Amino acid sequence: MTRSPVPDPKDEPRNPTRTGMRLIVPLQGVVQGRGGLILGSIIPCALFYFLQFYLKRHRSSPPNPPSPSTSTGNLSELPRSSSRANLSSRGSIGRVHVSSRASSIAKPNDSPYYIGLDRVREDPYDEMSNPDGIIELGLSENRLSLDLIEKWLEENFNNSMLGIGGDGLGIGGIATYQPMDGLMELKMAMADFMTEVMGRTVVFDPARVVLTSGATPALEILSFCLADQGNAFLVPAPYYPGFDRDMRWRTGVELIPVHCRSCDNFALSITALEQAFNQARKRGQRVRGILISNPSNPVGSLLNRDTLFDLLDFARERNIHIISDEIFAGSTYGNEEFVSMAEIVDSEDTDKDRVHIIYGMSKDFSIPGFRVGVIYSFNENVLAASRKLTRFCSVSTPTQQLLTSMLSDTSFIQEYLKTNRRRIASMYDLFVAALRGLGVVCTKSCAGLYCWVDMSRLISPYSEKGELDLWDKLLNIAKINVTPGSACHCIEPGWFRFCFTTLSENEIPIVVERIRKVVESCKPPV
Amino acid sequence: MAIEIETPSVSLSKVALSETHGEDSPYFAGWKAYDENPYDELNNPSGVIQMGLAENQVSFDLLEQYLEQHSELAANSGRSSTSSFRENALFQDYHGLQSFRKAMASFMEQIRGGRAKFDPDRIVITAGATAANELLTFILADPGDALLIPTPYYPGFDRDLRWRTGVNIIPVHCQSSNNFEITPEALEAAYNEAESKNIKVKGLLITNPSNPLGATIKRSNLKKILEFVTRKNIHLISDEIYSGSSFSCDEFVSISQILAEQNYKDSERVHVVYSLSKDLGLPGFRVGTIYSYNDDVVRTARRMSSFTLISSQTQQLLASMLSDKRFTENYIRVNRERLKKRYEMIIDGLRNAGIACLNGNAGLFCWVNLSSLLLEPTMECELELWKLILYEVRLNISPGSSCHCLEPGWFRVCFANMSENTLEIALRRIHDFMDRMRKVKISLQ
């Protein structure tokens, strides 16, 4: 996974390959007149050429492979059944060409984030059948509260929920063509659910809800609608590795990381945003918006009200959009209050057109397999375009029916959200305490399904390479899969995201012991 | 006094503002008229009868019966057979459930009478054929490139294949003189037209059975098509969404059969699109697949399918249903018989009204020739006639111009999205209309 190409000398990344920078310094001599007219014209041209080449190379760098929670399977040849035995083996590349978009996506995964997920798939830990397998801590999946949903289904499920049988409309009711952006009943139930999840400080309007098959296409649709090919979004880093795929792959849109630092607890600084915006402008790159995740992934922090207001001001002054990915809004567990961008916009009454929220059922409600995502926008034109685009990513109607029933049971939902939060909180406490016992510290987070762990003192050298060495040891020796900060575009080496909501309590000591092995071997000599 | 400066509103992308969604064309305008005044047997017997929607409602009872008899199926996909729900809920692997892919492969084989085999590992799942076609376009062509599509074609292609992809469509014009069959000459002409405009052609997309013609592509033509794409070294997408709606198993020949017969030589350029929206009448379920003989395309399509996965709950439900061979064999056979019966009913009715149609043998619609009713053989007159039929006769049918048909006066008329009673009423209205038109003609002479 490539690093950001932002050529900011202050933000000198760990692998400086600033072709441009390397040429500028010796050029000073030329510029001061010693090089003469010829050199004076050739070298700027050469610089310009290199800069274009450099930018082009980074622009077409391999986009990230797909969804973090989906396994990427065997990258080598597909298994062939006997019926295909006669298929001539010309190798995996046919003579006929695919598009350049496709070629970059077809390349093997080189991000540790996806490699780790693959490895777990090949050798997954199981208490009984595979106790030496790899324990998955790299997937932000919540298994802590599925039993609550299972219980609800046991008590309440009947076929009419899928629209089948006697009292329902029959299969004709749900099977035929429906509005592509979702059934009104589900939009209403979803609006109510979002209102509940986000603390009832603002009421969500079903007319602004657009349903998609997961948050992944929701993000992509917004990227297609808010930016043209070659434009960019500013994204506070470290950020969710999937953004690189969702926002960039097919759209041709760029992401510019805005680096946040441990000394600030990885808080977003408006000054840093401003710098990034100005640098983009100097490069001739048009920024169309800011993409934030709140609660943030991978850090697990919340953006406070003041920062959100500042962000809106910032966006307004430059006339750009804000996409607020609030998919973890229901997974808060600390003392801080979650504030949705919807609440900020609600209090302002003007200038809502630039605000769009992403939500989904994969994290707070643990049903990523059912593919349910939401675009919530205050912009009528964006809603109109998004609705039409949902034809490529609609939610399956039986799933919509089932979900409508579940979400309409308000007392169940309230109980679920409360219990879920409590369980995440206690798992967080246990896990963090366990890590502390190893001398490993995390940032204080208050949301999300993961913690952001500082292992920088254990890496050697203090660089991306050192970090990846440690990641490799954790994967292959400790046999746990975690996400290295470099996969999230973190500018400081040594940070890792550990997801803890796939674990049960009795698995924590196992994880701790495994990590201990590696930690001991990494400690600097006394 | 301060002068108010208007703050510029925040701008959207070209994609968002594009008209490529095409929802202002007559194809969609007719739907609006229907929505405003829909026919209902009891409540609105003079309303607009929808004959512009290619939906299959003739075999719902078979599905309902099956689901009622196997209610534990629905239960497993929703209720707590504990591991089942939990596994489904967490399963978002873009490979798709293996059981589902196996079931789809087997279903596709049955539709082709076992004359072609499908490998479940070559199946990529998508949320509908719309998504499958768009995905393939992203993979096979770059912005500015083109796909060749024989006319008349499904109006939705203009939107689905071009909107976000930036890819062009070059029509391959087919004519009534040879029943709109695709000829090598027409293919060459379209290819050369693209070349002359400096546009790179990356593939040919055929729909077989054809929408809107309601006819299968002949075996000999399929071979010539395969020969053409091989010679030009381009891809072939065969959208076989109506394969289970051919009136008999023997009438339909799939490209997969041709490939099997020639030992899969030159197959890496071929990709088949399928969906359950038409044959099974389940468009709301959003189930589509891409079947590709090209490893690169399978791998890439699979990754890209992250943007358009099928709900695991739905996959599970369908995996069980489609692996029940007794059910599927019966369904396929009965569905074909019923569609054939409907087709014969509408053809008879139209013939009695003095209207000729193209000989059809598949699909949920027929391709009707109303050119004799046009004052002049122009698109404008065709649209006038379409409006007349929509507002006077109160039938929404699709004008050929929205399908890019070069010859004015052809219309697509759907017959499977209504009850037999409603179809009879529609035929009666057409009969009366034709009577009136004849009288008007006579009085003008």
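Everything in this summary refers to the structure shown in the same document. Computed from a predicted structure; not experimentally measured.

Tallying secondary structure elements over chain B gives 16 helices and 13 strands in all. What you see for chain B is a C-alpha radius of gyration of 23 Å, in line with the 22 Å of a compact globule of 445 residues. Burial statistics for chain B: of 445 residues in total, 64% are counted as buried. Looking at chain B alone, contacts between residues at least 24 apart form 76% of all its contacts between residues at least 6 apart. Accessible surface, chain B as shown: approximately 16,400 Å² in total, 50% of it carbon and sulfur. For chain B, the distance from the average position of its 47 positive side-chain charges to the average position of its 55 negative side-chain charges is 4 Å.

For the bond from Asn297 of chain A to Pro298 of chain A, the omega torsion is 15 degrees, close enough to zero to count as cis. In this structure, Pro298 of chain A sits in the loop between β5 (287-293) and α11 (305-318). The linkage connecting Ser460 of chain A with the following residue, Pro461 of chain A, adopts the cis geometry, with an omega of 0 degrees. Residue placement: Pro461 of chain A occurs in the loop between β10 (450-454) and α16 (464-476). Unusually for a residue other than glycine, Arg286 of chain B sits at a positive phi of about 60 degrees. Assignment of secondary structure puts Arg286 of chain B in the loop between β7 (270-275) and β8 (288-292).

Moving on: the layout of surface pockets. In this structure, the largest pocket encloses a volume near 1,500 Å³. Around the largest pocket sit 49 residues that line it, and Tyr177 and Gln178 of chain A together with Trp31, Leu53 and Glu55 of chain B are the ones nearest its centre. At the level of elements, α13 (380-389) of chain A together with α2 (26-36), β1 (49-50), α7 (129-140) and α8 (156-160) of chain B are the ones that each hand at least two residues to the lining of the largest pocket. Of all the elements, α2 of chain B adds the most residues to the lining of the largest pocket, at 6 residues. Class assignment of the residues belonging to the lining of the largest pocket gives a composition of 19 nonpolar, 13 polar and 17 charged.

Turning our attention to the nonpolar core. Counting residues in each nonpolar core, the largest one holds 157 residues, and the members touching the most others are Phe431, Met455, Leu474, Phe498 and Ile515 of chain A together with Met51 and Ile346 of chain B. If near-sequence neighbours (up to four positions away) are discounted, Ile346 of chain B is found in contact with Met51, Cys366, Val413, Phe415, Leu423 and Leu427 of chain B. Counting 78 residues, the second-largest nonpolar core is a separate cluster that includes Leu148, Cys260 and Phe378 of chain A together with Phe85 of chain B.

Think of a pair of aromatic rings as described by two things: how far the centres are apart, and how the planes are tilted against each other in angle. Throughout the structure, instances matching the rule amount to 36 aromatic pairs over all chains. Centre to centre, the rings of Phe118 of chain B and Tyr291 of chain B are 4.8 Å apart; their planes meet at 90 degrees, and the pair counts as edge-to-face. With Phe118 of chain B in the loop between α6 (98-111) and β2 (123-126) and Tyr291 of chain B in strand β8, this residue pair connects regions lying 173 residues apart in the sequence. Both residues of the pair, Phe118 of chain B and Tyr291 of chain B, count as buried. One aromatic cluster is present, formed by Trp152, Phe193, Tyr359, Phe365, Phe412 and Tyr416 of chain A through successive ring pairs. The cationic tip of Arg497 of chain A hangs over the ring face of Tyr450 of chain A; the distance from NZ or CZ to the ring centre is 5.3 Å. A cation over an aromatic ring shows up here: Lys232 of chain B above the ring of Tyr191 of chain B, its NZ or CZ 4.5 Å from the ring centre.

What follows concerns the pairing of strand β7 (residues 355-360) of chain A. Residue and element names in this part refer to chain A. Most of β7 is tucked away: 6 of the 6 residues are buried. Here β7 shows no split at all, with Val355, Ile357 and Tyr359 on one side and His356, Ile358 and Gly360 on the other all buried. Relative to β7, strand β6 (residues 321-325) runs parallel, the two being bridged by 4 bridges. Residue pairing in the sheet places Ser324 in a bridge with Ile357 of β7.

Residues and elements named next belong to chain B. Structurally, Ser245 can be placed in the loop between β6 (235-239) and α11 (255-261). Ser245 gets classed as buried once you look at its relative accessible area, which sits at 0%. For Ser245, the residues in contact, after removing those within four places along its chain, are Lys278, Asp279, Asn335, Leu339, Ala362, Gly363 and Leu364.

What follows is about the sheet that holds strand β4 (residues 254-259) of chain A. Two pairing modes exist for strands in a sheet, parallel and antiparallel, and in both the strands are linked by backbone hydrogen bonds. Residue and element names in this part refer to chain A. In spatial order, the strands read β2-β8-β7-β6-β5-β3-β4; together these 7 strands make up an open sheet with mixed pairing. Of all the strands in the sheet, the pair left with one neighbour each is β2 (209-212) and β4. Neighbouring strand axes in the sheet, compared pairwise and without regard to direction, differ in orientation by 25 degrees on average. Where β2 lies against strand β8 (residues 373-377), 4 bridges are found, and the strand directions are antiparallel. Opposite Thr212, over in β8, you have Gly373 as the bridge partner. Strands in contact with helix α7 (residues 184-197) are β2, β7 and β8; relative to β2, the strand with the most contacts, it is inclined by about 105 degrees.

Turning next to the pattern of salt bridges. Applying the stated criterion to the full structure yields 46 salt bridges over all chains. Measuring nitrogen to oxygen at the nearest pair gives 3.2 Å for the salt bridge that ties Glu150 of chain A to Arg86 of chain B. Separated into two different chains, Glu150 of chain A in helix α5 (residues 146-156) and Arg86 of chain B in helix α5 (residues 82-90) make up a pair that spans both. A residue is classified by how much of its surface remains accessible, and Arg86 of chain B, at 26% relative accessible area, is partly exposed. A salt bridge links Asp348 of chain B to Arg351 of chain B; its shortest N-O distance comes to 3.2 Å.

Residues separated by three or four positions in an α-helix point in the same direction, a consequence of the helix having 3.6 residues per turn. Residues and elements named next belong to chain A. Compared with an ideal rise of 1.5 Å per residue, which puts 12 residues at 16 Å, helix α8 (residues 215-226) spans 16 Å between its outermost C-alpha atoms and is within 8% of the ideal. With 12 of 12 residues buried, α8 lies mostly within the body of the structure. Those residues of α8 not exposed but buried are Ala215, Thr216, Pro217, Ala218, Leu219, Glu220, Ile221, Leu222, Ser223, Phe224, Cys225 and Leu226.

Considering the arrangement of structural elements, one finds Met406 of chain A in helix α14 (residues 397-408). Each C-alpha atom, one on Met406 of chain A and one on Phe157 of chain A, is 9.2 Å from the other, the two residues being 249 residues apart in sequence.

Residues and elements named next belong to chain A. Taken as a whole, this structure holds 0 disulfides over all chains when the rule is applied. Among the cysteines around Cys393, which has no disulfide bond, Cys225 carries the closest sulfur, lying 10 Å off. For the unlinked cysteine Cys499, the closest cysteine sulfur is that of Cys451, found at 8.3 Å. For Cys499, a relative accessible area of 0% gives the class buried.

Calculation notes
- Residues numbered from 1 in each chain as written.
- Chains lettered and ligands numbered in written order.
- Predicted model: local features only at pLDDT ≥ 70, side-chain atom pairs only at ≥ 80, totals over all residues.
- Heavy atoms only, no water.
- Helix = DSSP H or I, 4+ residues; strand = E, 2+ residues; numbered from the N terminus.
- Rg over C-alpha atoms; globule rule 2.2 N^0.38 Å.
- Buried < 20%, exposed > 50% of the residue type's maximum accessible area, 1.4 Å probe, protein only.
- Contact = heavy atoms within 4.5 Å.
- Areas by Shrake-Rupley, 256 points an atom, 1.4 Å probe, with all protein chains shown as cover.
- Lys, Arg positive; Asp, Glu negative; His and termini not counted.
- Charge placed at Lys NZ, Arg CZ, Asp CG, Glu CD.
- 1 Å grid on protein atoms, 1.4 Å probe; cavity = no way out; pocket = protein on both sides within 12 Å on 5 of 7 lines; lining within 4 Å.
- Points joined across faces, edges and corners; volume = space filled by probe spheres on them.
- Nonpolar A, V, L, I, M, F, W, Y, C, P; charged D, E, K, R; others polar.
- Core = buried A, V, L, I, M, F, W, Y, C linked by side-chain atoms within 4.5 Å.
- Phe/Tyr/Trp six-rings, centres within 6.5 Å; stacked < 30°, edge-to-face > 60°.
- Lys NZ or Arg CZ within 6 Å of the ring centre and 35° of its normal.
- Pairing = 2+ DSSP bridges.
- Axes fitted to C-alpha atoms, helices over the stretch in contact; angles between N-to-C directions.
- Salt bridge = Lys/Arg side-chain N within 4 Å of Asp/Glu carboxyl O.
- Expected span 1.5 Å × (residues − 1).
- Disulfide = S-S within 2.5 Å.

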